[in-house]
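Examination of the molecular architecture
Chain by chain, the residues run as shown.
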Amino acid sequence: MNRLILILAVFQFMTLTATAANRPAKPNIILMMADDMGLGDTSAYLGVRLMENAPPVAKTLRTPNLDAFSNQAMLFTDAHAPASMCSSTRYALLTGRFSHRAYLKNQGWLPHGPNRPMIQKAMATLPKMLQNNGYHTMIIGKYHVGIDFDNGTGNPAEDFYYHDVDFTKPLLDGPTHHGFDEYYGVPGNTEDPLDNEPRILIRNDRFVFTDRSKMKMIGMGKRKDKLIAAPDWTLKQLGSLYLKEAHAFIDRRVEEGTSPFFLYYAPNANHNQRNLNGVFAVPDSIAGVKIKGQSKYTDGSPAGPREDMVLENDVAFGDLLKKLKQTEDPRWPDHKLIENTLIIFTSDNGPNTKNRSTNETTNQESGGLRGKKAKIWEGGIRVPFMVYWKGYIQGPKINRNVLSHTDLYATLANIVRHQLQPHEAQDSHSALNYWIGSDEGPDLRPRVFFCNLGAPYLNDALAIRQGSKKLVVDGGLALPSIKNGSRGGLRHAIFYDLDQNTFEEGDFQKNPPSDEAVALGNKLIQLHNQGYARDMN
């Protein structure tokens, strides 16, 4: 019977596009990845049990658009960012490789400048794969896996504050070198005391403003008057500029009309945006909806500026959905884009808040899980994840299988019927069967997660998940040279069964590792050393 169900489900997937009069076989794809957003930052998870034995999430931020979307979509309770910080997650998403593999090349997470590329030009990427399968690809927003700027001699700029950049020259290495046809956004973070890249928007491979004599110098603290910015640079305008560009991109694709598109929409919100006026640059409104001071929790209590930025993303996401619902699909006459667009919403890691006292404890922003951004506990890596594709993946439905952003490469390759080659997505597992219902799970394929700032562990801690079992490994495996680390060996920190210990009580085990922990550690060593995790046959 199970075999028959599997055959029928696969048949349904292969034939669905043919059953709906001339439905294009390849859907458009929109992936929106918010910044620093936890499970408790959206009311889509209100009342949801994050593990089957866990209590339901009792209080969240109110996000009406995501809430409505979740009622039509598949909502994942055990989806993960590949790492607990921005750049490493983005590397894994774009390459289908574990985050810590870049760390072996001393590029596991970007320093605050100069931020050199993490992805080598010869490396296969998700957008390049889609490009090779007929997609027109664009990234809007935060790239954050490193850009090489020209210093005027054809060589990468090396000054810590990028004062040696020739703004009239095209990028030497950026998104358009790694599979994106178009790019509009910023290299990375935009808070004045943090990353140092010029505060000037980039379109494709060119800065949108190039007159050095009219640029201004900004910055705070040690960065005061050292960061280069365009004369009209204003943090609070970024969200609206990105949304406007997304509308324009969709309009251009409709006008072109022949090829499917992939839009990777990665706003800076709600990452800290520390500037002279505060920690966040909250806009007054976006898409005609008032934002500043409007965020509230589900119990009706007022929230704050950080939560206003979450609300900004919620409104922007709702506006994109509205655009898809209103726009005719040029590849499928008499149908709207929403009818054949695969839509994914997620976050790059867990929440980051000013309340440092809850960084290592359970907290509301993480949906009650332990930890936040930069921590290897579930609150640092388990993130909102929702998927909708009309006729294939609809809701309301909850998916409890373990999933990682690393898996998107193989999953999308499966959807567009691309056969992965050995040089592609070595750590990416296709989850499509678990999305369309041909396999209910549990998905027991192991996933590996990386933590850049691991306290109480060292700064290259790893975790491996297999089903509900989780092993945390202290530093020295991902970066053998780290001080006081394991020098490339395996040092068990603690083993959790999340079914029984959802909130990860305990930091270090007091007893020798159990047989289950040893077996999971051996699996981690195997995956780490062999250089791939997926079935390569």
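Residues numbered from 1 in each chain as written. Predicted model: local features only at pLDDT ≥ 70, side-chain atom pairs only at ≥ 80, totals over all residues. Heavy atoms only, no water.

1. Details of helix α9 (residues 408-415)
Turn by turn, an α-helix covers 3.6 residues, leaving residues three or four places apart pointing in a common direction. The cut-off we apply is this: Each residue is placed in one exposure class: buried if its accessible area under a 1.4 Å probe, protein chains only, is under 20% of its type's maximum, exposed if it is over 50%, and partly exposed if it falls in between. A run of H or I in DSSP counts as a helix once it spans at least four residues, and a run of E counts as a strand once it spans at least two, with each numbered from the N terminus.
Counting buried residues along α9, 7 of its 8 residues qualify, which places the element largely inside the surrounding structure. Those residues of α9 that fall on the buried side of the exposure criterion are Leu408, Tyr409, Ala410, Thr411, Leu412, Ala413 and Ile415. Of the residues flanking the end of α9, it is Arg417, one or two places downstream, whose phi is positive at about 65°.

2. What about the pattern of salt bridges?
One side chain can pair with another of opposite charge once the charged atoms of both are near each other. Just so we agree on the cut-off: The working definition used for a salt bridge is a side-chain nitrogen of Lys or Arg within 4 Å of a carboxyl oxygen of Asp or Glu.
Across all of its chains, the model carries 29 salt bridges by this definition. Of the charged contacts, one joins Arg252 and Glu182 as a salt bridge, the two residues approaching to 2.6 Å between their closest N and O atoms. Taken together, the positions of Arg252 in helix α6 (residues 238-256) and Glu182 in strand β5 (residues 182-186) put the pair 70 residues apart, joining distant regions of the chain. What makes Arg252 partly exposed here is its relative accessible area of 29%. For Glu182, a relative accessible area of 13% puts it in the buried group. Between Glu339 and Lys390 there is a salt bridge; the shortest N-O distance is 3.8 Å. Here Lys390 lies in the loop between β14 (385-388) and β15 (397-399) and Glu339 lies in the loop between α7 (305-326) and β13 (341-347), a separation of 51 residues in the sequence. On the basis of relative accessible area, Lys390 is assigned to the partly exposed category, the value being 35%. Here the salt bridges share partners, and the residues they tie into one network are Asp78, Glu378, Arg382, Arg465, Lys470 and Glu504.

3. Focus: the nonpolar core
When a protein is soluble and globular, its nonpolar side chains tend to lie buried together. Filter applied, for reference: By convention a nonpolar core is built from buried Ala, Val, Leu, Ile, Met, Phe, Trp, Tyr and Cys residues, the set being connected through side-chain atoms within 4.5 Å. Whether two residues are in contact is decided by their heavy atoms: any pair within 4.5 Å suffices.
By size, the foremost hydrophobic cluster in this structure holds 61 residues, and its most contacted members are Phe149, Phe262, Tyr264, Leu342, Phe385, Ile393 and Trp435. Every residue in contact with Tyr264, bar those within four places of it in the chain, is listed here: Leu31, Met33, Arg90, Leu94, Met138, Ile139, Ile140 and Phe180. If you look at the next biggest cluster of nonpolar residues, it comprises 58 residues, including Met138, Leu235, Ile338 and Tyr388.

4. Some points on the confidence of the model for the chain
Cut-off, in case you're wondering: The pLDDT score gives, residue by residue, the confidence of the prediction method on a 0 to 100 scale.
On average, residues of the chain score 93 in pLDDT, and 94% of them reach the 70 mark or higher. pLDDT under 50 marks residues 1-10. Its contacts with residues more than four places away, or in other chains, come to 3 contacts.

5. Description of the packing of aromatic side chains
How we decide: Stacked, tilted and edge-to-face are the three classes assigned to paired rings of Phe, Tyr and Trp, where Trp is represented by its six-membered ring and a pair needs centres within 6.5 Å; plane angles under 30 degrees give stacked, over 60 edge-to-face, the rest tilted. Remark: a charge is flagged as sitting over a ring if the NZ atom of Lys or the CZ atom of Arg is within 6 Å of the ring centre and within 35 degrees of the ring normal.
The tally for this structure, following the rule as stated, stands at 17 aromatic pairs. Ring geometry for Tyr143 and Tyr183: centres 6.2 Å apart, planes at 50°, overall tilted. Placement of the pair is Tyr143 in the loop between β4 (136-142) and β5 and Tyr183 in strand β5, with a sequence separation of 40 residues. The exposure classification of Tyr143 matches that of Tyr183, with both residues buried. Among the aromatic residues, those joined into a cluster by ring pairs are Phe69, Phe317, Phe345 and Tyr388. Just above the ring of Tyr297 sits the side chain of Lys59; from NZ or CZ to the centre is 4.8 Å. Sitting over the ring of Trp377, Arg370 keeps its end group 3.7 Å from the ring centre.

6. Describing unusual backbone geometry
Between Gly395 and the following residue, Pro396, the backbone shows a cis peptide bond with an omega angle of 10°. Along the chain, Pro396 falls in the loop between β14 and β15. Looking along the chain, the bond that leaves Gly441 and enters Pro442 is cis, with omega of 10°. Assignment of secondary structure puts Pro442 in the loop between α10 (432-436) and β17 (447-451). With a phi angle near 55°, Ala287 is a residue other than glycine that sits in the positive phi range. Mapped onto the secondary structure, Ala287 falls in the loop between β11 (285-286) and β12 (289-290). The backbone phi angle of Arg487 is positive, close to 55°, even though this residue is not glycine.

7. Observations concerning the pairing of β14
The line we're drawing: Only strands that DSSP links by at least two bridges are regarded as paired with each other.
Along β14, one buried face is formed by Phe385 and Val387 and the opposite face, lined by Met386 and Tyr388, is buried too. Two elements, strand β2 (residues 74-76) and β14, share 2 bridges in a ladder whose sense is antiparallel. In the sheet register, Met74 faces β14, and the bridge partner there is Val387. Sheet topology places β13 next to β14; 4 bridges connect them, and they run antiparallel. Bridged to Ile344 within β14 is Val387.

8. Remarks on the packing of α6 against α7
Formally: Geometry is summarised by axes, namely lines fitted to C-alpha atoms with helices restricted to the contacting stretch, and by angles between N-to-C directions that run from 0 to 180 degrees. Relative orientations are named as follows: roughly parallel for angles under 35 degrees, roughly antiparallel for angles over 145 degrees, roughly perpendicular for angles from 65 to 115 degrees, and oblique for any other angle. Throughout, a crossing is termed right-handed when the near helix is turned clockwise from the far one, and left-handed when it is turned anticlockwise from it by less than a right angle. As a working rule, the residues Ala, Val, Leu, Ile, Met, Phe, Trp, Tyr, Cys and Pro are called nonpolar, Asp, Glu, Lys and Arg charged, and the rest polar, with Gly in that last group.
Here α6 crosses α7 at 15°, and the two axes come no closer than 11 Å. Taken together, the axis directions place α6 and α7 in an arrangement best described as roughly parallel. As α6 packs across α7, the resulting crossing turns out to be right-handed. Contact residues: α6 offers Gly239, Ser240, Leu243, Ala246, His247, Ile250 and Asp251, while α7 offers Glu312, Ala316, Asp319, Leu320, Lys323 and Leu324. Its residues placed into classes, the contact of α6 with α7 shows 6 nonpolar, 3 polar and 4 charged.

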